[in-house]
Amino acid sequence: MGSTDIKAMAKINLALDVTGRRDNGYHDVRMIMQSIGLYDELTIAESVNDDGIRIETDRTDLPVNEDNLIYRAAALIKDECGINTGVRISLKKNIPIAAGMAGGSTDAAAVLKGMNELFSLGLTFDRLCELGVRIGADVPYCIMGGTALSEGIGEILTALPPMPGCSILIAKPAIGVSTGYVYGAFDKLKEKQHPDVDGMIRAIEDKDLKGIAGLLGNSLEGVTVKEYPVIREIKNKMNGLGALGSLMSGSGPTVFGLFDKKDTADSAAEEIKSTYGIKEVFVVKPC
Ligand code: ATP
């Protein structure tokens, strides 16, 4: 019986623009996505004893039934490809949960890719993305990874050149933010912020880290900051500690800062931990 190990990368948004709302409640977005070196570790193994889907995880606060996106991804592949063999999936969770870093979506993407490989299904990238978007709007990007423009509801992807090397300080305050609530509150705003996504693409193409840092922008930031002002405080603190720029990722509450020197990012990380008592603080590279 075979098994496969797979890393599921977290993402940040260098830019996130919400451009509209569809009748079905989905939002049109233009987002610059960037994978980072913070990942969950999954092992997918064929099961000898049963034909079902079993999930084991080191986190007690995650569901292990069909509410887990891992389960939904495995069930979808089993259904679509007529696989009768059971799977046992173990998840070591390193990505903060409900953080705006696509933790669940990237696990689902890893399961789609991992089962494709484990069962030699030969599903193309496009087919995997078609399946992925049924699980969540960010899943196609998580299948792709790297630096990318994501449009539509998240399913229209354009690969971009890799962003220039830097250190990224990630801090996830211990606040639970509901993505649904944030988008709902955004819809009610009279004045909406729209970051310069095209300018960001040019800065990435020019490998201009300072330009990228200056253009960081997120339409949803104002909504989440209003609810949780500590997000703005952390951003200001990061900037004061040498970040070239800082931003909230996704619907929050994770804040990230871009640094051109790892040493500066490391000392800023210590300062953020002690000032705000935040445990989930990481210094990573784009990947
Ligand atoms: P996004 O950036 O796509 O909005 P997020 O990082 O804000 O995602 P997730 O970490 O994906 O949010 O978690 C959101 C909810 O999804 C959690 O409340 C959690 O219970 C549920 N969930 C289901 N499966 C998973 C999974 N494999 N990992 C994390 N959360 C999961």
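What counts and what doesn't
- Residues numbered from 1 in each chain as written.
- Predicted model: local features only at pLDDT ≥ 70, side-chain atom pairs only at ≥ 80, totals over all residues.
- Heavy atoms only, no water.
- Phe/Tyr/Trp six-rings, centres within 6.5 Å; stacked < 30°, edge-to-face > 60°.
- Lys NZ or Arg CZ within 6 Å of the ring centre and 35° of its normal.
- Salt bridge = Lys/Arg side-chain N within 4 Å of Asp/Glu carboxyl O.
- Helix = DSSP H or I, 4+ residues; strand = E, 2+ residues; numbered from the N terminus.
- Buried < 20%, exposed > 50% of the residue type's maximum accessible area, 1.4 Å probe, protein only.
- Contact = heavy atoms within 4.5 Å.
- Near = heavy atom within 4 Å.
- Polar contact = N/O pair within 3.5 Å; in protein donor to acceptor, adjacent residues only side chain to side chain.
- Areas by Shrake-Rupley, 256 points an atom, 1.4 Å probe, with all protein chains shown as cover.
- 1 Å grid on protein atoms, 1.4 Å probe; cavity = no way out; pocket = protein on both sides within 12 Å on 5 of 7 lines; lining within 4 Å.
- Sits in = over half its atoms within 2 Å of the grid points.
- Nonpolar A, V, L, I, M, F, W, Y, C, P; charged D, E, K, R; others polar.
- Points joined across faces, edges and corners; volume = space filled by probe spheres on them.

> It is not clear to me how the packing of aromatic side chains should be interpreted in this structure. Could you clarify?
Aromatic ring pairs are described here by two measures, namely the spacing of the ring centres and the angle between the planes. For the structure on display, the rule yields 0 aromatic pairs. Here the basic side chain of Lys192 rests over the ring of Phe186, its NZ or CZ set 5.3 Å away from the ring centre.

> Is there a simple way to think about the pattern of salt bridges in this case?
Per the stated rule, a full pass over the model turns up 15 salt bridges. Two residues, Arg127 and Glu80, come together in a salt bridge whose shortest N-O distance is 2.7 Å. Of the two residues, Arg127 is situated in helix α3 (residues 125-135) and Glu80 in helix α1 (residues 69-81); the sequence distance between them amounts to 47 residues. For Arg127, a relative accessible area of 24% puts it in the partly exposed group. Overlapping salt bridges, with partners in common, bring together Glu80, Arg127, Glu130 and Arg134 in one network.

> Before we go on, may I ask you to explain the environment of Gly146 in this structure?
Within the secondary structure layout, Gly146 lies in the loop between α4 (139-144) and β5 (147-151). For Gly146, a relative accessible area of 22% corresponds to the partly exposed category. Distance from Gly146 to Pro162, taken between C-alpha atoms, is 6.8 Å for residues 16 residues apart in sequence. Not counting the four nearest positions on each side in its chain, Gly146 is found in contact with Met33, Gln34, Ser35, Tyr141 and Cys287.

> Can you walk me through the site of the ligand in this structure?
Asn68, Ala98, Gly100, Ala102 and Gly104 are the nearest of the 19 residues found near the ligand. The contact in question runs from an oxygen atom of the ligand to an N or O atom on the backbone of Ala99, over 3.3 Å. Starting from 610 Å² of accessible surface for the ligand in isolation, the protein chains cover 78%. When atoms are counted within 2 Å of each cavity's grid points, the one that captures over half of the ligand is the largest pocket. Among the elements that take part in the shell around the ligand, helix α2 (residues 103-118) stands out by supplying 4 residues, more than any other. Considered class by class, the residues forming the shell around the ligand number 8 nonpolar, 6 polar and 5 charged.

> Explain the layout of surface pockets here, please?
Left-over empty space is what a probe sized like a water molecule reveals as it rolls over the atoms. Looking at the largest pocket, its volume works out to about 920 Å³. Around the largest pocket, the lining comprises 42 residues; the ones closest to its centre are Ala102, Ser105, Asp138, Thr179 and Ser251. Looking at the lining of the largest pocket, the elements that each hand over two or more residues are β1 (3-21), β2 (27-47), α1, α2 and α5 (179-188). Looking at the lining of the largest pocket, its residues break down into 21 nonpolar, 14 polar and 7 charged.

Remember that the coordinates give geometry; whether it matters functionally is a separate question.
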